[in-house]
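# Results of the structural survey
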Amino acid sequence: MLLSAFISKRFRAHSGHKDGQNGFVSFIAKASTIGILLGVAVLIVALSVINGFEQQLVHRLLSVVPQVEYVAPNKPINNWQSKVSLLNSQSGVVGAAPFISVNGMAQFKSDLKAVEVRGVASEFENQVSAINQFTQGRLVSQLQQEDILLGQQVVNKLGLKIGDPVTLLIPQINQQSNTLLAPKRVSLNLAGIINMGGPIDETAAFIRLDKAQSVLGFSEDQVTGLRLKVDDVFNAHQIAMRVGQVIPDYVYVSSWFRTQGSLYQDIQMVRTIVYIVVFLIIAVASFNIVSSLVMEVREKQANIAILKTMGAQDSTILATFVMQGFTQALIGVVLGTIIGVMVALNISELFTWLSNLLGDNPLQGVYFIEFLPSKLVWQDIVITVIVTFVLAILATLYPAWQATRVDPAKVLGN
């Protein structure tokens, strides 16, 4: 093995000369190394960004949007206190909270904006939502009777600031004639602003549960839905169906897979596509090693023949050219890993700097976040390195085997 390493080193040194055939072989070898370098770096960065989006989905979006909801379609849910206690006792449930949800319009002066008004009980809402982490001003747990929290984009649309009066227009329907009545006007004060940096900010409006009950004419034990926080967000649908069977009321069962599931599926689909495309790039770069080694074997036939006449075994010749390709891959993998890790660790700052430089954020209003997240997972790096080395070694086997078939008598006799 030491002899093979020594011979491989001498071959590389000789191939580095920039004359004729040697220079072309050296160029092909360096091109394959650069291809592997770029492939490894791109894969590490791309997977880190995908992992970052998934992390933000779980810890940011799913900490605020309902993971599981039971919504009454016709009449309100009665005696919600006992049902919240019942839900809290179920396995897989971390917390349960009541809510009242109704669509309406927020008005400031002559401007209107559609909102989804949610009446929440602060002592229960804190168990199922992390909305306080993204709220400026008064928190959900601090809401007063005449307070309202609005999303940042609602505030921007209406030109509001904290302390301004806001009018909610709540639609009313005559249950007997099923006709639309004049909307009910509710005067409130803007006490806080929700800023998640995503679509939630476009419609969010939070008021106290008892305020929503009085506006809709509900009693103190009536709500329109119950919300759960579960211990495994990726098993939320199964938990929702199982736990929902204990509720005696007729309710619609909904999990985040229905409202945000397409986003999660998109993330997983992009992960798969990235794996396939970048590994194909690495495979092409790895198999460029084949062409460079085939030419090198042809160029070094005389040297191989001399080594054989001096007693070199076929295994020594095979190991020599395998090491040639392995060295090319090793340089590409090491440099690609270093570059990929450095970019992945700083890509959020690089994206912010580039967005500020260009004056445009391509993620604004598209996803649930407006920055480029990154989460470096070392298992991804290990898998990338192992697969790259496997492809590189496989690429060296055929030309190395061809080198062992060189006939010294034919080569040296010419």
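Each value, and the rule that gives it
Residues numbered from 1 in each chain as written. Predicted model: local features only at pLDDT ≥ 70, side-chain atom pairs only at ≥ 80, totals over all residues. Heavy atoms only, no water. Helix = DSSP H or I, 4+ residues; strand = E, 2+ residues; numbered from the N terminus. Buried < 20%, exposed > 50% of the residue type's maximum accessible area, 1.4 Å probe, protein only. Contact = heavy atoms within 4.5 Å. Areas by Shrake-Rupley, 256 points an atom, 1.4 Å probe, with all protein chains shown as cover. Pairing = 2+ DSSP bridges. Salt bridge = Lys/Arg side-chain N within 4 Å of Asp/Glu carboxyl O. Arc of directions from axis to C-beta. Phe/Tyr/Trp six-rings, centres within 6.5 Å; stacked < 30°, edge-to-face > 60°. Lys NZ or Arg CZ within 6 Å of the ring centre and 35° of its normal. Core = buried A, V, L, I, M, F, W, Y, C linked by side-chain atoms within 4.5 Å. Polar contact = N/O pair within 3.5 Å; in protein donor to acceptor, adjacent residues only side chain to side chain.

Here the focus is the overall build of the protein chain. Counting secondary structure elements, the protein chain contains 12 helices and 10 strands. Going through the 414 residues of the protein chain one by one, you find that 49% of them count as buried. When contacts within the protein chain are restricted to residue pairs at least 6 apart in sequence, long-range pairs at least 24 apart make up 79% of them. Accessible area for the protein chain stands at about 20500 Å²; split by element, carbon and sulfur atoms hold 60% of it.

So, about the pairing of strand S8 (residues 204-208). Of all 5 residues making up S8, 4 are buried, and the element is well covered by its neighbours. Bridging between strand S3 (residues 111-120) and S8 involves 5 bridges; their strand directions are parallel. The partner of Glu116 across the bridge, within S8, is Ala204. Looking at chain direction, strand S5 (residues 147-151) and S8 are connected through 2 bridges and run antiparallel. Residue Leu149 lies in a different strand from S8, and its bridge partner there is Phe206.

One pass over the structure, following the stated rule, counts 9 salt bridges. With its nearest N and O atoms 2.9 Å apart, the salt bridge here joins Glu54 to Arg271. Residue Glu54 is located in helix H2 (residues 20-61), and its partner Arg271 is located in helix H8 (residues 256-299); the two are separated by 217 residues in the primary sequence. For the salt bridge of Arg227 with Glu125, the shortest nitrogen-to-oxygen distance reads 3.2 Å. Of this pair, Arg227 sits in strand S9 (residues 225-230) while Glu125 sits in helix H4 (residues 122-128), and the two are 102 residues apart along the sequence.

A separate point is helix H3 (residues 80-88). Of the positions making up H3, those classed as buried are Trp80, Lys83, Val84 and Leu87. Taken end-on, H3 shows its buried residues confined to a sector of 105°, consistent with a single buried face. Next to the buried residues of H3 lie strand S1 (68-71), strand S2 (93-108), H4, helix H6 (209-216), S9 and helix H7 (236-244).

Looking at H7, one finds that the buried residues are Ala236, Ile239, Ala240, Val243 and Gly244. Buried residues of H7, seen end-on, are gathered within an arc of 120° and therefore sit on one face of the element.

Let us look at the packing of aromatic side chains. Following the criterion strictly, the structure yields 4 aromatic pairs and no others. A centroid spacing of 6.0 Å and a plane angle of 70° characterise the contact between Tyr250 and Tyr252, whose relative ring orientation is edge-to-face. For Tyr250, a relative accessible area of 56% corresponds to the exposed category. A centroid spacing of 4.1 Å and a plane angle of 25° characterise the contact between Trp256 and Phe257, whose relative ring orientation is stacked. Judged by relative accessible area, which is 0%, Trp256 ranks as buried. In textbook terms, an aromatic cluster arises when at least three aromatic residues are bridged by ring pairs, as seen for Phe234, Trp256 and Phe257. Lying across the ring of Phe99, Arg118 places its NZ or CZ 4.2 Å from the centre.

All right, on to the environment of Val102 then. As for its placement among the helices and strands, Val102 is situated in strand S2. As a C-alpha pair, Val102 and Val115 span 13 residues in sequence and 8.8 Å in three-dimensional space. In this structure Val102 touches Val115, Glu116, Val117 and Ile170, once residues within four positions along its chain are discounted.

Membership of the largest hydrophobic core comes to 89 residues, with the highest contact counts inside it found for Tyr70, Leu150 and Leu168. Listed in part, the 12 residues of the second largest apolar core include Val140, Leu143, Leu149 and Phe206.

This part takes up unusual backbone geometry. Of note in the backbone geometry, Asn79 takes a positive phi value of approximately 55° without being a glycine. The residue Asn79 is located in the loop between S1 and H3 in this model. Asn79 sits in the partly exposed class, given a relative accessible area of 37%. Despite not being glycine, Lys109 has its phi angle at roughly 60°, a positive value. Within the secondary structure layout, Lys109 lies in the loop between S2 and S3.

Take the side chain of Gln107 next. Mapping Gln107 onto the fold places it in strand S2. Looking at Gln107, its side chain comes within polar contact range of the main-chain oxygen of Lys109, at 3.2 Å. Apart from residues lying up to four places away in sequence, Gln107 is in contact with Leu112, Val166, Thr167, Leu169 and Arg185.

Just distances and angles here, no functional claims.
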